[in-house]
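Chain residues, written in single-letter form:
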Amino acid sequence: MPAQLRSPGLWSQHLHHPPQGKNDRLAAPGYLWAFVAATDAEPAKQHYQRQRDHGDRHPAALRNLFNQLLGCLHHCLATCQRYDPAKAFEARQDAAA
């Protein structure tokens with residue numbers, strides 16, 4: 001029997017985190033949320049286009065945009081602030097300029 005199969009603490013010994021799959025219940029609506037944002041909201045559209053110009057394909061650019069939007073949602077909920085697209089994409093726009 002290989003050592004990997006016998007060792008219950010394999011992940012803690014060799015890696016920081018065990019591999020995780022994606023959350024399908026979050027991925028499907030997230031893809032749609034990012035797609036709508038990329039077509040309607042100007043800051044999100046610019047973020048998506050920067051990712052595409054960087055070499056990301058369409059699904060990867062949408063995933064990146066979704067991660068950005070999800071981070072903004074988390075921040076807004078944690079700090080009890082309203083979502084402001086100018087603030088949400090402000091740091092990214094300054095870095096690109």
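Residues numbered from 1 in each chain as written. Predicted model: local features only at pLDDT ≥ 70, side-chain atom pairs only at ≥ 80, totals over all residues. Heavy atoms only, no water.

Asker: An account of unusual backbone geometry is needed here, citing residue identities and associated values.
Answerer: For Cys 80, which is not glycine, the phi dihedral falls at a positive 55°. Within the secondary structure, Cys 80 sits in the loop between helix H5 (58-79) and helix H6 (85-88). On the accessibility criterion, Cys 80 (72% relative accessible area) is exposed. (Helix = DSSP H or I, 4+ residues; strand = E, 2+ residues; numbered from the N terminus. Buried < 20%, exposed > 50% of the residue type's maximum accessible area, 1.4 Å probe, protein only.)

Asker: Help me get a handle on the layout of surface pockets, residues and values and all.
Answerer: Counted as a void, the largest pocket has a volume near 290 Å³. Listing elements by their share of the lining of the largest pocket, those giving two or more residues are helix H3 (24-40) and H5. Residue classes in the lining of the largest pocket are distributed as eight nonpolar, three polar and three charged. (1 Å grid on protein atoms, 1.4 Å probe; cavity = no way out; pocket = protein on both sides within 12 Å on 5 of 7 lines; lining within 4 Å. Points joined across faces, edges and corners; volume = space filled by probe spheres on them. Nonpolar A, V, L, I, M, F, W, Y, C, P; charged D, E, K, R; others polar.)

Asker: I'd like to hear about the state of the cysteines, residue by residue, with values.
Answerer: Counting across every chain of the model gives zero disulfides. For Cys 76, which is in no disulfide, the shortest distance to another cysteine sulfur is to Cys 72 and amounts to 6.5 Å. (Disulfide = S-S within 2.5 Å.)

Asker: Just give me the short version of the nonpolar core, but keep the residues and values in it.
Answerer: Membership of the largest hydrophobic core comes to 13 residues, with the highest contact counts inside it found for Tyr 48, Leu 65 and Phe 89. Of all the elements in the fold, those that place two or more residues in this core are H3, helix H4 (42-54) and H5. A total of six residues in this core trace back to one element, the largest contributor, which is H5. For Phe 89, the residues in contact, after removing those within four places along its chain, are Pro 43, Ala 44, His 47, Leu 65, Gln 68, Leu 69 and Tyr 83. (Core = buried A, V, L, I, M, F, W, Y, C linked by side-chain atoms within 4.5 Å. Contact = heavy atoms within 4.5 Å.)

Asker: Provide a residue-level description of the packing of H3 against H4, including the pertinent values.
Answerer: Orientation of H3 relative to H4, taken along the N-to-C sense of each, is 105°, at an axis distance of 6 Å. Judged by the inter-axis angle, H3 sits roughly perpendicular to H4. Contacts between H3 and H4 pair Ala 37, Ala 38, Thr 39 and Asp 40 from the former with Glu 42, Ala 44, Lys 45 and Tyr 48 from the latter. Of the residues that constitute the contact of H3 with H4, the class distribution is four nonpolar, one polar and three charged. (Axes fitted to C-alpha atoms, helices over the stretch in contact; angles between N-to-C directions. Parallel < 35°, antiparallel > 145°, perpendicular 65-115°, else oblique.)

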